[in-house]
Amino acid sequence: KLDIPDESPLQAVVLADSYNRRFEVLCADRPRILLPLCSTPLLTWTLEALSLSKVKQVFLFCGVHAEQIREFVEQSPYRRTLDIQCLSSQTARTPGDALRELDSMGVLNGDNPFILVHSPLVSNYDLSKMVDAHKRRREADPNYIMTLGVGQGGSRRHPESPIMLVHPPSSRLLHYASHPLVPSTPRVAFPSHLFTDPFPASIDSYEIWSGTGSSGGRGGYRDLGVDICELDVPALCTENFDYHDLRRHFVNGVLTSDLLGKKIAVHLVGGRQRKGEGRYIERVRDTRTYGEITRDVLHRWAFPLAPDLNEPGGTQYELRAGNVYIARDNVMLSRTTTIRGPALIGPASSLQSNTSILRSTLGTLTTLGPNSSITDSYIFDNVLVGSHCHLDNCIIGKDVVIADDVTVGRGALVGDGVKLGKGVQVPPWTRVGRERWRPEGWEEGDEDQEAKTLRILGDQSLGFIWPTEEEQPSSDSESDGEDPYEHPRNKSLLQLGRSLSNLSSSTGSLSTLSKASSSPASIASDLDTSSDEGYGDVPSMSLSMALPTTGPSAEFTKEAQLTLERGYEEGYDVVNIGTEMGLLFPAYNAGVESARKEIIGFVLSKIPLAPGGGAAGVLGESEALFKRWKPIFPKFTQDYTALVLDMQAYVVEKRQEMGGWFGLVLRGAYEADLVDEGVLVRWRDDPRARGEGQGDAGAGAGEGEQEKWVEVWKKGKMYVDVLEEMESGSEEESGEEEEEEEESSEHE
Amino acid sequence: MARTLDPSGVSGKRPIIEEQDFMAVVLVGYGEHLYPFNEGTNVLSKALLPIGNKPIINIVLDWILKSGLLEILLIVPPSNYSALSNHLAENYSSASYPRLNIILKKFTDGERDEDDANTSGLGMGAKPAETEGTARVLKRFRSYIKTDFVLLPCDLYPPAYLSLSSILDKHRSSPSAVLTSVLYDPPEVIREHEEALLSAYDRRSSELLMLQNMDNLDEDFEIRSALLEAHPTLSLSTRLLDAHIYVCRRSILDLLASRRPRDLDSMKVQVIPWLVKGSWQKGLARQWSQLLCPPDEDPLLSALSYSTTSRVTRAPQPESDSKSGAESPDAFENGMENSQTLKPKPVPHVPWHCQVIISRPPVPEPPAPKGKEKGKPIPVAEPEYLIRSNTIAGYWELNRRFLRTLSSSVGATPARPAFDDPTGKAAIHASAQISADSLIGEGTKIGERSSIKKSIIGRHCVIGKGAKLSGCILWDFVTVDENAKIENAILCTNLRVGAGAQIKDCEFGPGYEVPSAAVLKGERLVLGQEA
């Protein structure tokens, strides 16, 4: 089959520019496609994947830093096997623009489809199979103009997983929807006419392909960012100047257009391939995938592309036990260095005594001072790290100098040439660049940013704090505003070091997490240890009056708060937090009730009462929080009525502004299955809920205190009444029940 | 042609189970979609529609018996009761089937719920009980059903590759299945006549996840993200239809009992889609798991009850009315008291789900059987489908297929069944031409020079001389007078076609009389109507 002479060579177009800012600081001096992954530039990985796929001619479509790419190609050995042409354009701002320019250049030949590669690839899959499948499909039906590569399998979630509706026998794509993880939508809509009135009418079986779910058990689908395109694709882009994003605009435009009559197919990679054939194909889209793919390569998933065998970059590595790769060239390891794989140590690196490397890659000429540790991090070339440094889940650019006693927090990106002074603590998810952040149209220096830079980096550092992606003004372009993946919260999930494990599908539960941990305000406040929320000062002990114990000590409260906060920030499993709390309260002789109160109070403190979110926001947040924390409570209480009482107590004593929302909070707890209606009704009927026995025993607040209790009780009662009615009343349309409830409570 | 059932095991496949773990419940409906068969005098019960002169209920009952089930509850409309009870006495007497236990009940026999009184008061009026849905009927007869059960329609023609025991085994083999239902791929001709159904299932785990009537679709068809997340590959189909074969856990009846009757009328429209939805929607799943998965059931004990060697009797699950009595207006308070006394801690959630079996012709060739053959018998075996005779189209298709099997097995069976008739009453005139792919019932008289092609003639019919029948289905006691010409028609019981009438593509209800020399084409008429 393969002997059929192809007059026209197989062409591939690689979009070297990312058209987004996910690697921003690291890409200040060089294009994303030249960033190293396992010490080999991404472009090399991509070219390797293309040579494997029988591609003969490659067009590199470059934006900024085109000269660097050109230079790299000049020196690259691939020059001899592939016909590589660099096309550069300063005006292309989107993939759509790129295709338009490509169309006008007229370099593509029309006899063969071409492979369009959106982002750098690491792959051992033969893409020409996809091309063949596309050609076969097109022979049968010339209306197929594009085939999307879709990967199946893998237990990793990604915030950019689309949902696709496919007709399985023909592999035809019928519907493509972006489906960001956050803000998650409870429902996904498909146009009904796809089912009631399909075209052609013979379509009667469908499959919905979606991304890997939170359970991760069964592999979902992902968009590979590799398309087999006919010349119609750039032509259509030229015709429709408003096509920017190839998925959102182009694919959806073609699929929804009746006039065009063009069809798009999907090609599944993974799952059904025969053994022994490479089927690993991943693209580097963001720092999250960068980390994942690095680990995959070290785990030899991309075999035969592994550092010790066919490392495309040409460096020689030695494979040691536990997927540890050490360059054969001048690596100095101390006797007391511990390396735990998967890890890669570049040539001429030197690791001094008591250093530890955990699941990390180090580039060429990395020097690590004594007693330093690097965990889950990716260090580029020529980096000097001092002693007693701790690097966690970060990417460090080229020529960075890190002085002693520096801590770099998770998710941080440190750009090329930055110097971090002694004792600097880089907060999580910070971006540090050598130059000032100067987006286009930027007039003057931002004073806040300057101040922050100074405060965090100190005066011995050389570098500037860049705003993280989610806090940058979304002035990119009008079209990006509507991209659901570009939602700040979703974008933040694309970063290295973000955990997705505590995301639930039904609600946007991440919001508080990302707000609390990633916004600079809270980072700053964490550092200044002046938290604006929570228990700041010595807690009022009026909570504990009804208890037989003498009341928890202030230390316990403080310790509990710290435990909870830490567990929360770092995304621990709730059950583990529960265990920790379970160990904590006996140590302070505090009693299980006070532990419970601390926990529920902490959960409630995390419910934001942002005026913008409104009732639905509060409800969503509280439900998500309760859902996440639910597993902790059985350890601390048998009687959930007491839990509701504790919630009320917290609101009355610590956070009275929440009083008005108490009904919604209860509803959140109910929806999250934390409490059932029986518990709520018992709470409503409990005299204690109306403040009886609270006022007199309390810290002397007396009457006023009781009034507050009653006030909060009333708010809660309203919801419980509605709920009771609902339960005893009709349950018929159980599915619709929820909507009804939503309506009724929004009227409250 | 009475079949004998060897109690030691049918065709050596499955020994009859000592303890019956399933009861077969067959609901016989009124045949609403069978106009014009369902109007006129002496309407034949839907269950007794002849397929190749054999009532369809026999096919269903034989199918049940083949799976080893011996407890059958047959619920029929009151008007059909006597006919069916006679039929059962004739064909399924305890003499020929010693261990078989068929309970025949009228719709009206079951226990009344107190709140049924007012609604059925209405229903008992003009159209007796016709408003009653299947779910309500089932709920009323729940005291008769002691075990898990399989609910079957009476008008099912199962293909050879789908045995009931395989369906039951599928249910038995997954302990968390509350429901196992069958979706089938219908032949094209039938699909056009059925309401399109949008079904969603997981191919890998064969979980049924959604059933939705296509007519109710809004502009956008919405799917919950939670469902998609749990099932990255979700298969949807607009092709498959519901065969209305539901293997149910006994506790579904408890769930039914806990709901007010107006919420649940039909199994198909309400209960099954609910159950299916509840299996993955967490709130519902949790809410119902108490009822559907009663906690008192000891898994070890229930496992033992399936054992063939051990003699542990499986205690019938108690009626959980007290626990679930949401029927009365003050039920909520009852429930409240219960929950107060019962549990301060949340009830453990026992996962449960609904399964699906998809019945497709095993041949991979595209299922496009030609609706109308032109006299040419198909040499290759055409794909066998599950077909229901609940519509005229289905009934036609079943009979057509029956005729085709006749013609393909011509060599084996005698062309003239009349010769086999020991009574000799079927007087077929020597000059009558009867094609090999026709079937003549006993006691039928066929006059001289008449011609019968590709037709099924019932019992005790009289075909006048010179009559020409082609592609017809005649039920019993039909009289066709001289020189009538009939093509592609169904003639119900007691029908009379006048002399010289010309009929094409028609269906006539029981007792209809076609006047002499009438020319009718494409009509559906019942007694009292005129063309």
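Criteria and thresholds
Residues numbered from 1 in each chain as written. Chains lettered and ligands numbered in written order. Predicted model: local features only at pLDDT ≥ 70, side-chain atom pairs only at ≥ 80, totals over all residues. Heavy atoms only, no water. Helix = DSSP H or I, 4+ residues; strand = E, 2+ residues; numbered from the N terminus. Buried < 20%, exposed > 50% of the residue type's maximum accessible area, 1.4 Å probe, protein only. Contact = heavy atoms within 4.5 Å. Areas by Shrake-Rupley, 256 points an atom, 1.4 Å probe, with all protein chains shown as cover. pLDDT = per-residue confidence, 0-100. UniProt positions renumbered as here; feature names shortened; annotations may be inferred. Core = buried A, V, L, I, M, F, W, Y, C linked by side-chain atoms within 4.5 Å. Pairing = 2+ DSSP bridges. Patch = residues over 30% accessible without salt bridge, like charges linked within 9 Å, V, L, I, M, F, W, Y side chains within 5 Å. Salt bridge = Lys/Arg side-chain N within 4 Å of Asp/Glu carboxyl O. Lys, Arg positive; Asp, Glu negative; His and termini not counted. Charge placed at Lys NZ, Arg CZ, Asp CG, Glu CD. Expected span 1.5 Å × (residues − 1). Phe/Tyr/Trp six-rings, centres within 6.5 Å; stacked < 30°, edge-to-face > 60°. Lys NZ or Arg CZ within 6 Å of the ring centre and 35° of its normal. Arc of directions from axis to C-beta. Polar contact = N/O pair within 3.5 Å; in protein donor to acceptor, adjacent residues only side chain to side chain. Domains from an automatic or database assignment. Buried area = accessible area lost by both parts, 1.4 Å probe. Nonpolar A, V, L, I, M, F, W, Y, C, P; charged D, E, K, R; others polar. Axes fitted to C-alpha atoms, helices over the stretch in contact; angles between N-to-C directions. Parallel < 35°, antiparallel > 145°, perpendicular 65-115°, else oblique. Left-handed = near helix turned anticlockwise from the far one by under 90°.

Caption draft 1: Summary view of the overall build of chain B. The helix and strand inventory of chain B stands at 14 helices and 30 strands. Here chain B holds 531 residues, and 53% of them are scored as buried. For chain B, the proportion of contacts with a sequence separation of at least 24, taken over those separated by at least 6, is 59%. In the form shown here, chain B has an accessible surface area of approximately 23500 Å², with 53% of it arising from carbon and sulfur atoms.

Caption draft 2: Spatial organisation of the overall build of chain A. Along its length, chain A carries 23 helices and 36 strands. Among the 748 residues that make up chain A, the fraction classed as buried is 58%. Sequence-distant contacts in chain A: of pairs separated by 6 or more residues, those separated by 24 or more amount to 61%. Accessible area for chain A stands at about 30100 Å²; split by element, carbon and sulfur atoms hold 50% of it.

Caption draft 3: Looking closely at the confidence of the model for chain A. Residue and element names in this part refer to chain A. Averaged over all residues, the pLDDT of chain A is 78; the fraction at 70 or higher stands at 82%. Ignoring residues within four places in sequence, the model shows residues 475-480, a span with pLDDT below 50, making 6 contacts including any to other chains. Segment residues 729-748: pLDDT under 50, and 40 contacts once partners within four positions in sequence are set aside and those in other chains are kept.

Caption draft 4: The arrangement of the UniProt feature "domain: EIF2B subunit epsilon/gamma LbH" (unreviewed entry) in chain B in detail. Feature annotation in UniProt assigns "domain: EIF2B subunit epsilon/gamma LbH" (unreviewed entry) to the following positions: residues 427-505 of chain B. In this annotation, residues 427-505 of chain B is assigned 0% helix and 42% strand; the end-to-end C-alpha distance for the span is 28 Å.

Caption draft 5: Examining the nonpolar core more closely. Residue and element names in this part refer to chain A. Counting 60 residues, the largest nonpolar core has Leu-37, Leu-391, Ile-396, Ile-402 and Val-408 as its most contacted members. The residues touching Val-408, leaving out its near neighbours within four places in the chain, are His-390, Leu-391, Asp-392, Cys-394, Val-414, Leu-420 and Val-426. One finds Ala-560, Ala-595, Val-618 and Val-712 within the second-largest nonpolar core, a separate group that totals 56 residues.

Caption draft 6: Representation of the sheet that holds strand 22 (residues 356-358) of chain A. Residue and element names in this part refer to chain A. Taken in spatial order, the 6 strands make up an open sheet running 19-22-25-28-31-34, and their pairing is parallel. Looking along the sheet, the strands with just one partner apiece sit at the ends: strand 19 (338-340) and strand 34 (425-426). Judged from the 3 bridges that link them, strand 19 and strand 22 form a sheet pairing that is parallel. Among the inter-strand pairings, Arg-340 is bridged to a residue of strand 22, identified as Leu-358.

Caption draft 7: Representation of a negative patch on the surface. Residue and element names in this part refer to chain B. Taken together, the side chains of Asp-218, Glu-219, Asp-220 and Glu-222 present a region of like negative charge at the surface. Within the fold, Asp-218 resides in the loop between strand 10 (207-213) and strand 11 (220-224). In this structure Asp-218 comes out as exposed when scored by relative accessible area, which is 57%.

Caption draft 8: View of the pairing of strand 10 of chain B. Residue and element names in this part refer to chain B. Where burial is concerned, most of strand 10 is hidden: 5 out of the 7 residues are buried. In this sheet, strand 10 lies alongside strand 9 (residues 197-202) in antiparallel orientation, the contact comprising 6 bridges. Directly across from Ala-200, in strand 10, lies its bridge partner Met-210. With antiparallel pairing between neighbouring strands as the criterion, strand 9 and strand 10 make up a hairpin whose turn holds 4 residues, including Ser-206 at a positive phi of roughly 45°.

Caption draft 9: Spotlight on the sheet that holds strand 26 (residues 496-497) of chain B. All names here are of chain B. Sheet architecture is open: 5 strands sit in the order 18-21-24-26-28, paired in parallel fashion. The open sheet has two free edges, formed respectively by strand 18 (445-446) and strand 28 (513-514), since each of these has just one partner strand. Sheet topology note: the strand 24 (residues 479-480)/strand 26 ladder contains 2 bridges and is parallel. By the bridge assignment for strand 26, Thr-479 is matched with Arg-496.

Caption draft 10: How the structure looks around the pairing of strand 14 (residues 263-269) of chain A. Residue and element names in this part refer to chain A. By the criterion of burial, strand 14 is predominantly enclosed, with 7 of the 7 residues buried. Two elements, strand 8 (residues 144-152) and strand 14, share 7 bridges in a ladder whose sense is parallel. By the bridge assignment for strand 14, Met-146 is matched with Ile-264.

Caption draft 11: Highlighting the pattern of salt bridges. All names here are of chain A. Considering all chains together, one arrives at 51 salt bridges over all chains under this definition. We note a salt bridge from Asp-227 to Arg-247, for which the minimum N-O separation is 2.8 Å. Taken together, the residues Asp-227 in strand 13 (residues 221-229) and Arg-247 in helix 8 (residues 246-256) connect sequence positions 20 residues apart. Take Asp-227 and Arg-247: they sit in the same class, and that class is buried.

Caption draft 12: Quick peek at helix 14 (residues 392-408) of chain B. Its 17 residues place the ends of helix 14 of chain B 24 Å apart at the C-alpha level, agreeing with the 24 Å of an ideal helix rising 1.5 Å per residue. For helix 14 of chain B, the tally of buried residues reaches 13 of 17 residues, placing the bulk of the element in the interior.

Caption draft 13: Seen up close, unusual backbone geometry. Following A:Phe303, the chain continues into A:Pro304 via a peptide bond in cis, with omega recorded as 5°. Within the fold, A:Pro304 resides in the loop between helix 9 (287-298) and strand 16 (317-320). With an omega of 10°, the peptide bond between B:Tyr35 and B:Pro36 qualifies as cis. Looking at the element boundaries, B:Pro36 is found in the loop between strand 1 (22-27) and strand 2 (50-51).

Caption draft 14: Summary view of the packing of aromatic side chains. Residue and element names in this part refer to chain A. If you walk through the whole model with that rule in mind, you get 16 aromatic pairs over all chains. Note on Tyr-243 and Phe-250: the rings are 5.8 Å apart at their centroids and 85° apart in plane angle, and the pair reads as edge-to-face. Here Tyr-243 matches Phe-250 in class, with each residue buried. Judged by centre distance (5.7 Å) and plane angle (65°), the ring pair of Phe-602 and Trp-629 falls under edge-to-face. Of this pair, Phe-602 sits in helix 17 (residues 592-605) while Trp-629 is found in helix 18 (residues 614-629), placing the two residues 27 residues apart along the sequence. Accessibility classification places Phe-602 together with Trp-629 in one group, the buried group. Ring pairs connect the aromatic residues Phe-23, Tyr-290, Tyr-378 and Phe-380, which therefore count as one cluster. Arg-498 extends its terminal NZ or CZ atom over the ring of Trp-429, reaching a point 3.6 Å from the ring centre.

Caption draft 15: Structural view of the environment of A:Val58. Residues and elements named next belong to chain A. Looking at the element boundaries, Val-58 is found in strand 4 (residues 57-62). Relative accessible area serves as the criterion here: at 0%, Val-58 is assigned to the buried category. As a C-alpha pair, Val-58 and Val-13 span 45 residues in sequence and 5.8 Å in three-dimensional space. Among all residues touching Val-58, those that are not within four sequence positions of it are Ala-12, Val-14, Leu-47, Leu-50, Leu-82, Asp-83, Ile-84 and Gln-85.

Caption draft 16: Just helix 2 (residues 66-75) of chain A, in detail. All names here are of chain A. Inspection of helix 2 places Ala-66, Ile-69 and Val-73 among the buried residues, and these make up the whole buried set. Projected down its long axis, helix 2 shows its buried positions confined to an angular sector of 65°, all on one face. Across from the buried face of helix 2, at angles greater than 90 degrees, the exposed residues are Glu-67, Glu-74 and Gln-75. Its buried side turned inward, helix 2 meets helix 1 (42-52), strand 4, helix 3 (78-81) and strand 5 (83-88).

Caption draft 17: Structural detail: the side chain of B:Asp62. Its place among the elements puts B:Asp62 in helix 1 (residues 56-66). A polar contact is formed between the side chain of B:Asp62 and the side chain of B:Tyr92, at a distance of 2.8 Å.

Caption draft 18: The domain arrangement of chain B, seen in detail. All names here are of chain B. Per the domain assignment, the segments of chain B are domain 1 (4-116 + 125-217 + 228-295 + 324-337 + 345-359) and domain 2 (426-525). Across the boundary between the two partners, domain 1 contributes 13 residues, which contact 19 residues of domain 2. Across the domain 1 to domain 2 interface the summed buried area is about 1100 Å²; carbon plus sulfur atoms make up 65%. Across the contact surface, domain 1 and domain 2 share 0 salt bridges. Of the residues contributing to the side of domain 1 that touches domain 2, the split by class is 7 nonpolar, 5 polar and 1 charged.

Caption draft 19: Focus on the packing of helix 19 (residues 640-653) of chain A against helix 21 (residues 677-685) of chain A. Residue and element names in this part refer to chain A. The contact between helix 19 and helix 21 brings their axes to 9 Å, and the two run at 60°. One finds that helix 19 runs oblique with respect to helix 21. Crossing of helix 19 against helix 21: the hand is right-handed. When helix 19 is examined against helix 21, the residues Tyr-640, Thr-641, Val-644, Leu-645 and Gln-648 are found in contact with a partner set consisting of Val-679, Leu-680, Arg-682 and Trp-683.

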